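Architecture at a glance
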Amino acid sequence: MKLTTSINKKNLNELVIKSSIWNSIIEVFKYEKNMDITPYLVSIQIKWNRIIIKTSKTILNTELLMLSDKINYKISEKLKKIWLRFEEFEIRYI
């Protein structure tokens, strides 16, 4: 296997994981609070077993923290559907 193919596959996996996390957060918040937070989400970073989510509103971080259990469950379910095991992770909102 070529090195570029391997690197591209790794980047693709990370992109799929990040987009699943992004969509999970939006879905849970829309269901629970009936509000679309897409404009306020800035970025998602994955470092080791920690997911760092940046938002543009600090009050939104508090709301997301209250919904953290539901978000974690939704993320786990989505990743299981695409055969990725991503367990024991911590989400931080900044």
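The rules we used
- Residues numbered from 1 in each chain as written.
- Predicted model: local features only at pLDDT ≥ 70, side-chain atom pairs only at ≥ 80, totals over all residues.
- Heavy atoms only, no water.
- Helix = DSSP H or I, 4+ residues; strand = E, 2+ residues; numbered from the N terminus.
- Buried < 20%, exposed > 50% of the residue type's maximum accessible area, 1.4 Å probe, protein only.
- Contact = heavy atoms within 4.5 Å.
- Areas by Shrake-Rupley, 256 points an atom, 1.4 Å probe, with all protein chains shown as cover.
- Pairing = 2+ DSSP bridges.
- Axes fitted to C-alpha atoms, helices over the stretch in contact; angles between N-to-C directions.
- Core = buried A, V, L, I, M, F, W, Y, C linked by side-chain atoms within 4.5 Å.
- Salt bridge = Lys/Arg side-chain N within 4 Å of Asp/Glu carboxyl O.

**As for the overall build of the chain**
For the chain, the helix and strand inventory stands at three helices and three strands. Going residue by residue from the N terminus, the α and β elements of the chain occur as α-β-β-α-α-β. Looking at the chain as a whole, 29% of its 94 residues are labelled buried. Residue pairs at least 24 apart in sequence account for 56% of intrachain contacts in the chain once pairs closer than 6 positions are excluded. Surface accessibility of the chain: about 6800 Å² in total, with carbon and sulfur atoms responsible for 56%.

**Remarks on the sheet that holds strand β2 (residues 50-55)**
Ordered by their spatial adjacency, three strands build an open sheet running β1-β2-β3, and the pairing between neighbours is mixed. At either end of the open sheet lies a strand with only one pairing partner, and these are β1 (41-47) and β3 (90-93). The average angle at which neighbouring strand axes cross in this sheet is 20 degrees, direction not considered. Where β1 lies against β2, six bridges are found, and the strand directions are antiparallel. Counterpart to K47 in the pairing with β2 is R50.

**Re the pairing of β2**
Between the end of β1 and the start of β2, which pair antiparallel, lie two residues, with W48 showing a positive phi angle near 55 degrees. Relative to β3, β2 is paired through four bridges, and the arrangement is parallel. Residue I52 lies in a different strand from β3, and its bridge partner there is R92.

**Side note on the nonpolar core**
One recurring pattern in soluble globular proteins: nonpolar side chains tend to sit buried together. The biggest cluster of nonpolar side chains holds 20 residues, and the ones touching the most others in it are I21, I25, I37, I53, L64, I71 and I91. Contributions of two or more residues to this core are made by α1 (3-33), β1, β2, α2 (58-66), α3 (68-81) and β3. The greatest single-element share of this core, amounting to six residues, is contributed by α1. Setting aside chain neighbours within four positions, we find I25 in contact with I37, L41, I53, L64 and I71.

**Regarding the pattern of salt bridges**
According to the stated counting rule, one finds eight salt bridges in the structure shown. With a closest N to O distance of 2.9 Å, E27 and K78 form a salt bridge. Separated by 51 residues along the polypeptide, E27 in helix α1 and K78 in helix α3 bring together distant segments of the chain. Under the relative-accessibility criterion, E27 is labelled partly exposed at 35%. Between E90 and R92 there is a salt bridge, with its nearest N and O atoms 3.0 Å apart.

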